[in-house]
Amino acid sequence: MRRIAIVGAGQAGLQLALGLRERGYDVTVVTARTPQEVRAGRVLSTQLMYGPALALERRAGLNLWDQQTPAIDGVVISPVDPPGARVPERAVGARLDAPAQSVDQRVKTARWLELFEERGGRVEYRPVAPEELPALASGYELTLLATGHGPLGEVFGRDERHSPYERPQRVLACVYVHGVRPDPELPPSFLRMSAFPGAGEFFVLPALTGSGPCVILLWEGKPGGPFDCWQNVSGPGAALERSWQLLRSYAPWEYELCAQAEPTDPGAALIGSLTPVVRHPVAEVAPGSYVLGMADAVVLNDPITGQGSNNAARCADRYLASIVERGERPFDRAWMHETFAGWWEHARHTTAFTNMVLDAARPRHFEDVMAAAARHPALAHRYVNGFADPADYQEWLMDADRAEACLAAVAGRTGGAAVG
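These lines cover the structure that appears in this document, whether it is placed above or below. Just so it is clear, the model here is predicted, and its values are computed rather than measured.

Cut-offs used in this document
Residues numbered from 1 in each chain as written. Predicted model: local features only at pLDDT ≥ 70, side-chain atom pairs only at ≥ 80, totals over all residues. Heavy atoms only, no water. Helix = DSSP H or I, 4+ residues; strand = E, 2+ residues; numbered from the N terminus. Rg over C-alpha atoms; globule rule 2.2 N^0.38 Å. Buried < 20%, exposed > 50% of the residue type's maximum accessible area, 1.4 Å probe, protein only. Contact = heavy atoms within 4.5 Å. Areas by Shrake-Rupley, 256 points an atom, 1.4 Å probe, with all protein chains shown as cover. Salt bridge = Lys/Arg side-chain N within 4 Å of Asp/Glu carboxyl O. Phe/Tyr/Trp six-rings, centres within 6.5 Å; stacked < 30°, edge-to-face > 60°. Lys NZ or Arg CZ within 6 Å of the ring centre and 35° of its normal. Pairing = 2+ DSSP bridges.

Counting secondary structure elements, the chain contains twelve helices and 16 strands. For the chain, the C-alpha radius of gyration of 21 Å lies close to 22 Å, the compact-globule estimate for 420 residues. Along the first, second and third principal axes, the C-alpha atoms of the chain reach 60 × 50 × 40 Å. The burial tally for the chain puts 56% of its 420 residues in the buried class. When contacts within the chain are restricted to residue pairs at least 6 apart in sequence, long-range pairs at least 24 apart make up 73% of them. Entry remark: accessible area of the chain is about 17,100 Å², with carbon and sulfur atoms responsible for 52%.

Position of Leu-152 relative to the elements: it lies in the loop between strand S6 (142-145) and strand S7 (171-178). According to the relative accessible area criterion, Leu-152 is buried, its value standing at 6%. If near-sequence neighbours (up to four positions away) are discounted, Leu-152 is found in contact with Val-7, Val-128, Ala-129, Pro-130, Leu-133, Leu-145 and Thr-147.

This part is about the pattern of salt bridges. For the structure shown, the criterion picks out 26 salt bridges. Asp-26 is paired through a salt bridge with Arg-122; the nearest N and O atoms lie 3.3 Å apart. Taken together, the residues span a long stretch of sequence, with Asp-26 in strand S2 (residues 26-31) and Arg-122 in strand S5 (residues 122-125) at a distance of 96 residues. On the accessibility criterion, Asp-26 (18% relative accessible area) is buried. The residue Asp-265 makes a salt bridge to Arg-106 at a minimum N-O spacing of 2.9 Å. On the criterion of sequence distance, the pair formed by Asp-265 in the loop between strand S11 (262-263) and strand S12 (269-273) and Arg-106 in helix H4 (residues 105-118) is long-range, its members being 159 residues apart. With a relative accessible area of 21%, Asp-265 lands in the partly exposed category. Taking relative accessible area as the criterion, Arg-106 reaches 3% and is therefore assigned buried.

We now examine the packing of aromatic side chains. A full pass over the atoms with the stated rule returns 17 aromatic pairs. With a centroid separation of 6.3 Å and an interplanar angle of 35 degrees, the aromatic rings of Tyr-50 and Phe-387 are classed as tilted. Taken as a pair, Tyr-50 in the loop between helix H2 (35-40) and helix H3 (51-59) and Phe-387 in the loop between helix H11 (377-386) and helix H12 (400-412) lie far apart in primary sequence, 337 residues in all. Of the two residues examined, Tyr-50 and Phe-387, each falls in the buried class. Taken together, a centroid distance of 4.4 Å and an interplanar angle of 40 degrees make the contact between Phe-202 and Trp-219 tilted. Of this pair, Phe-202 sits in strand S9 (residues 200-209) while Trp-219 sits in strand S10 (residues 212-221), and the two are 17 residues apart along the sequence. Judged by its relative accessible area of 1%, Trp-219 falls in the buried class. Through a chain of ring-to-ring contacts, the aromatic side chains of Tyr-50, Phe-353, Phe-366, Tyr-383, Phe-387, Tyr-393 and Trp-396 assemble into a single cluster. Arg-106 extends its terminal NZ or CZ atom over the ring of Tyr-176, reaching a point 6.0 Å from the ring centre.

Let us look at unusual backbone geometry. In this structure, the amide linkage connecting Asp-81 to the following residue, Pro-82, adopts the cis form with an omega of 5 degrees. Backbone geometry at Ala-295 places phi at a positive 55 degrees, although glycine is not the residue there.

Within the element layout of this structure, Ser-289 appears in strand S15 (residues 289-293). Contacts of Ser-289, omitting those with residues within four sequence positions, involve Ala-137, Ala-283 and Glu-284.

Another aspect to go through is the pairing of S15. With four of five residues buried, S15 is to be regarded as a mostly interior element. For S6 and S15, the ladder comprises two bridges, and the chain directions are parallel. Each bridged residue has a counterpart across the sheet, and for Leu-144 the counterpart in S15 is Leu-292. In the sheet, strand S14 (residues 282-286) pairs with S15 via four bridges, with the strands oriented antiparallel.

Now the structure itself:
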């Protein structure tokens, strides 16, 4: 029975750990917090999982919350310019071909940790420092890092080829709440995003937390702009109050819908920032001893496009297949690079798309496509459903020439293969 260690107990690490246990591997997960501590702690993310990633969970039998979780059946992106003024004729919206979901990571990872132990997995509840990695790696045939928090994030070197940003592109703030009313102009199951030129974005998405269905309010503020105002905010009550202040001025219709909201629990807010980065996937922690990174530890995207949990689920699935295919052969450095490359074939598209959306100087063709999508439902449908698999954008959005060809096709017909 091959011995494998996984440092980190999030979407990627636990999905992989549970998949390996099901196939008879001897797996140890090392994580700093117990399930009880995770449940009682602060929210971890604004996770959003689209149909293909959810299908991977269902195939693995890990879809434990399907019946309780509100479905996200579509997405609408609404420009707000000037502040306080909707521009409905420029909104881009469509139904998703397969519903998305958001399950509070505290709920999911705490239960998955328990399930892993119930199935014979071993968990060491302790933090891991970089200097401990040589000893840890020496005790296992394969060691994976599934967390990039703190000093562990520096174990893998930055890949400059795919990392255009050296600082955060958004200041992030979210709060989980009960009591948000649906927008009467939209289906209640739609995720809605308001985009404010020069300021940032505001998201409202249905979710499930420990106390039941809820709504997540997420702010993505451009540094130095009016949404960069969270430095003195502490706790969910203060985060909700600051949200109300912003909404009164910038989106009063959203304020009316959120005016009776209440935080779901004492840990229902998260404030911070991150620098999008791609890191080299393999680190030599001692002469001839290597560890392999996965998910956010090596490919960290801003949450503006909702790709984090989807990347993690796909990474775990790809790594699981690669480990099983390896049989009894050694998990050497070449295999590690090959395994990462198999996942990067997908993750490179999510990274390129997210970086384009973040960029203050977006290419003209992107703006032209968004303007056309507001007028042509078939193009809006293709754009919205691309979030589920951003590889499709490579065919018609990421490249100026291909985008021009797409727009020409849209202008020449009402629908069809070019945009469907």
